[in-house]
Amino acid sequence: MSSLPLGKSTLSLPLTQRRRRIPARLQPGLILAWLVMATVILWAIAPGLFTDYSGTEGIAGAQRLAPQAGHWLGTDQLGRDVYARIVYGASHSLSGALVAVALGLVFGTALGLAAGASGGLTDAIIMRINDVLLSIPGLLLSLSVIILLGFGTVHAAIAVGVTSVANFARLARAEVVLVRHSDYVEAAYGSGGSFLSVLWRHILPNSLTSVIAFSALQFGSAILAISTLSFLGYGTPPPTPEWGLLIAEGRNYISTAWWLTTFPGVVVVLVVLSANRISQSLRRRTR
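Here's a quick rundown of the structure. Within any chain, residue numbers begin from 1 and follow the written order of that chain's sequence. Only residues with pLDDT of at least 70 get local features here, since the model is predicted, and only at 80 or more are side-chain atom pairs given and counted; chain-wide, interface and lining totals rely on the full set of residues. Excluded from the side-chain calculation are hydrogens and water; included are all heavy atoms of the structure.

### Brief notes about the packing of aromatic side chains
Okay, so step 1: Ring pairs shown here join Phe, Tyr and Trp side chains whose ring centres sit within 6.5 Å, with only the six-membered ring taken for Trp; geometry is labelled stacked below 30 degrees between planes, edge-to-face above 60, and tilted in between. One pass over the full model with this rule turns up six aromatic pairs.
Okay, so step 2: Relative to Phe263, the ring of Trp258 has its centre 5.6 Å away and its plane inclined at 50°; by these criteria the two rings are tilted.
Okay, so step 3: Sitting over the face of the ring of Phe231, Arg251 holds its NZ or CZ atom 4.8 Å from the ring centroid. Counted as over-ring charges are cases with an Arg CZ or a Lys NZ within 6 Å of the ring centre that also lie within 35 degrees of the ring normal.

Right, dumping it as structure tokens:
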């Protein structure tokens, strides 16, 4: 009989270690999510490569045409190609969501970092204010902010970003508190490191992994929130082809031209689900 090789075999390892050694399989759902996001990003960067029609100008005599060879997703009440308006609307929806997530990420992480690293009275004051923000419904807070600032894509993005600050702050504070009591942070303090140097070199970098994964989830939520504001008439004014505005404009023709609301709504749902799937994947990798 041949002798077994020295060292531990794979079966003798704990279950968690054995799972880490098994190569990750291709996940069709994750691949599809990345394809959807890549396509939408390309729409936003170079919409002219995907359609020959204008996103704002209509075609005479082509009002409310059903999906057909010349117009894949049909036309609207002014003869504008629905597919072209969806493609050109990607830049407005994605840029607004990006501004909202960046606003929540920067200010929320700063508040969470200050609360978790300082502790004591500072932590209590910041988190009580954070609790007040979390107690207000997101849509109500967004409407309040946008009424103060005015209508428009940028103002809608700022309003959505303000509502996400509290969520980022809570998560960042929890991560900072966890990292602050770790052994390597205590060793850094014991080696003579100052509070700011330890905060910048050790606490902040090791607290951002979960926060960045959460930002992918908030990106999908921001797209949905901005589309909701545009649907209610508080976002981008017409004739800008923003996704929520496309759904709002087509609701009056839903019985005779179902494609005006269906296809923009499907795109919004696909993008939000794709962002959520990517966020789940990032969170699993950070654990």
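### Quick word on the packing of helix 3 (residues 82–118) against helix 6 (residues 153–180)
Okay, so step 1: Where helices are involved, their axes are fitted lines through C-alpha atoms of the stretch in contact, as for all axes, and angles between N-to-C directions lie from 0 to 180°. Here a strand is any run of E in DSSP of at least two residues, a helix any run of H or I of at least four, and the numbering for each starts at the N terminus. Here helix 3 crosses helix 6 at 35°, and the two axes come no closer than 5 Å. In the packing of helix 3 onto helix 6, the handedness of the crossing is right-handed.
Okay, so step 2: A per-class count over the contact of helix 3 with helix 6 returns 20 nonpolar, 11 polar and two charged. A clockwise turn of the near helix away from the far one marks a right-handed crossing, whereas an anticlockwise turn of less than a right angle marks a left-handed crossing. Here the nonpolar group is Ala, Val, Leu, Ile, Met, Phe, Trp, Tyr, Cys and Pro; Asp, Glu, Lys and Arg are the charged ones; every other residue, Gly included, is treated as polar.

### Notes on helix 3
Okay, so step 1: Here, expected helix span is obtained from the residue count minus one, scaled by 1.5 Å. Spanning 37 residues, helix 3 covers 53 Å between terminal C-alpha atoms, matching the ideal 54 Å at 1.5 Å per step.
Okay, so step 2: At Gly89, helix 3 shows its largest kink, close to 35°.
Okay, so step 3: For the purposes of these results, a polar contact is taken to be a pair of N or O atoms within 3.5 Å, where, inside protein, one atom must be able to donate a hydrogen and its partner to accept one; residues adjacent in sequence count only when each atom of the pair is a side-chain atom. Here helix 3 starts with a cap whose side-chain oxygen sits 3.2 Å from the backbone nitrogen of Tyr83, and that cap is Asp81. In this analysis the local bend is the angle between axes fitted, respectively, to the seven residues ending at and the seven residues starting at the residue.

### Structural notes on the nonpolar core
Okay, so step 1: Throughout this description, the term nonpolar core refers to a set of buried Ala, Val, Leu, Ile, Met, Phe, Trp, Tyr and Cys residues connected via side-chain atoms within 4.5 Å. The rule is simple: take the accessible area with a 1.4 Å probe, protein chains only, and divide by the maximum for that residue type; under 20% is buried, over 50% is exposed, in between is partly exposed. Counting 43 residues, the largest nonpolar core has Val40, Trp43, Ile86, Phe219, Ile223, Trp243 and Val271 as the members making the most contacts within it.
Okay, so step 2: Of all the secondary structure elements, the ones that give two or more residues to this core are helix 2 (28–45), helix 3, helix 5 (138–149), helix 6, helix 8 (195–231), helix 9 (243–250) and helix 10 (259–286).
Okay, so step 3: A total of nine residues in this core trace back to one element, the largest contributor, which is helix 3.
Okay, so step 4: Any two residues having at least one pair of non-hydrogen atoms within 4.5 Å are treated as being in contact. Discounting chain neighbours no more than four positions away, the residues touching Val271 are Val36, Met37, Val40, Ile223 and Trp243.

### Focus on the side chain of Asp123
Okay, so step 1: By the element assignment, Asp123 lies in helix 4 (residues 120–135).
Okay, so step 2: Assessed through its relative accessible area of 11%, Asp123 is described here as buried.
Okay, so step 3: At 2.6 Å, the side chain of Asp123 and the side chain of Arg173 are in polar contact.
Okay, so step 4: Ignoring anything within four residues of it in the chain, the contact list for Asp123 reads Ala115 and Arg173.

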